[in-house]
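# Per-entry structural report
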Amino acid sequence: LRLGILLLPWKGCCTRLLQGVEYWEIAANKGHAEAQFELASCYYIGQGVDRSYSKAVKYYELSAQQGHVDAQAMLGNCHAKGIGVNQ
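What comes next is a walk through the structure. (Residues numbered from 1 in each chain as written. Predicted model: local features only at pLDDT ≥ 70, side-chain atom pairs only at ≥ 80, totals over all residues. Heavy atoms only, no water.)

### Observations concerning the overall build of the protein chain
- The number of helices and strands found in the protein chain is 5 helices and 0 strands.
- Shown N-terminal to C-terminal, the secondary structure of the protein chain runs as helices and strands in the order α-α-α-α-α.
- Burial statistics for the protein chain: of 87 residues in total, 39% are counted as buried.
- Counting contacts in the protein chain only where the partners sit at least 6 residues apart, residues at least 24 apart contribute 36% of the total. (Helix = DSSP H or I, 4+ residues; strand = E, 2+ residues; numbered from the N terminus. Buried < 20%, exposed > 50% of the residue type's maximum accessible area, 1.4 Å probe, protein only. Contact = heavy atoms within 4.5 Å.)

Right, here's the structure in full:
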């Protein structure tokens, strides 16, 4: 996860951004709540990946189920606005 954060510069090269997302995806798929939240946020805003609200909601749900408060808030926001969820 830390490697993912280090490879996601806010100013810098796109290749490093993609590498950071890849590391978050690995950690997220292994059940790491913070990585799930960060990956969901990338999908939500389309940073380093194609925007996908359904994938964002998927990873927010996984993270929220582990008690990640920010993921719970974002998931609630998605449901309230009907973003990435079935109406």
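Having put the structure on the table, let's press on.
### Considerations on the packing of aromatic side chains
- Taken as a whole, this structure holds 4 aromatic pairs when the rule is applied.
- When the centroid spacing of 6.2 Å and the interplanar angle of 5 degrees are considered together, the rings of Y43 and Y59 count as stacked. Of the two residues, Y43 is situated in helix 3 (residues 33-45) and Y59 in helix 4 (residues 53-65); the sequence distance between them amounts to 16 residues.
- By relative accessible area, Y43 is classed as buried at 8%.
- Members of the aromatic cluster, connected to one another through ring pairs, are F37, Y44, Y53 and Y60. (Phe/Tyr/Trp six-rings, centres within 6.5 Å; stacked < 30°, edge-to-face > 60°.)

### With respect to helix 5 (residues 69-81)
- When the terminal C-alpha atoms of helix 5 are compared, their 18 Å separation across 13 residues agrees well with the 18 Å that a helix rising 1.5 Å per residue should span.
- Of all the positions in helix 5, only A71, L75 and C78 are classed as buried. Around the axis of helix 5, the buried residues are gathered within 60 degrees of arc, so they sit on the same side. In helix 5, the exposed positions that point more than 90 degrees away from the buried face belong to V69, A80 and K81.
- G82 lies just past helix 5 and shows a positive phi near 70 degrees. (Expected span 1.5 Å × (residues − 1). Arc of directions from axis to C-beta.)

### Considerations on the nonpolar core
- Residues L39, Y43, Y44, Y59, Y60 and C78 are the most contacted members of the largest nonpolar core, which totals 22 residues.
- Mapped by element, the contributors of at least two residues to this core are helix 2 (14-29), helix 3, helix 4 and helix 5.
- Not counting residues within four places of it along the chain, the set of residues in contact with L39 comprises V21, W24, E25, A28 and Y59. (Core = buried A, V, L, I, M, F, W, Y, C linked by side-chain atoms within 4.5 Å.)

### Quick look at the packing of helix 4 against helix 5
- At a minimum axis distance of 8 Å, the contact between helix 4 and helix 5 shows a crossing angle of 135 degrees. Here helix 5 runs oblique to helix 4, going by the angle between their axes. Like other packed secondary-structure pairs, helix 4 and helix 5 cross with a definite hand, here left-handed. In this structure, helix 4 contributes V57, Y60, E61, S63 and A64 to the contact, and helix 5 contributes A71, Q72, M74, L75, C78 and H79.
- Grouping the amino acids of the contact of helix 4 with helix 5 by side-chain chemistry returns 7 nonpolar, 3 polar and 1 charged. (Axes fitted to C-alpha atoms, helices over the stretch in contact; angles between N-to-C directions. Parallel < 35°, antiparallel > 145°, perpendicular 65-115°, else oblique. Left-handed = near helix turned anticlockwise from the far one by under 90°. Nonpolar A, V, L, I, M, F, W, Y, C, P; charged D, E, K, R; others polar.)

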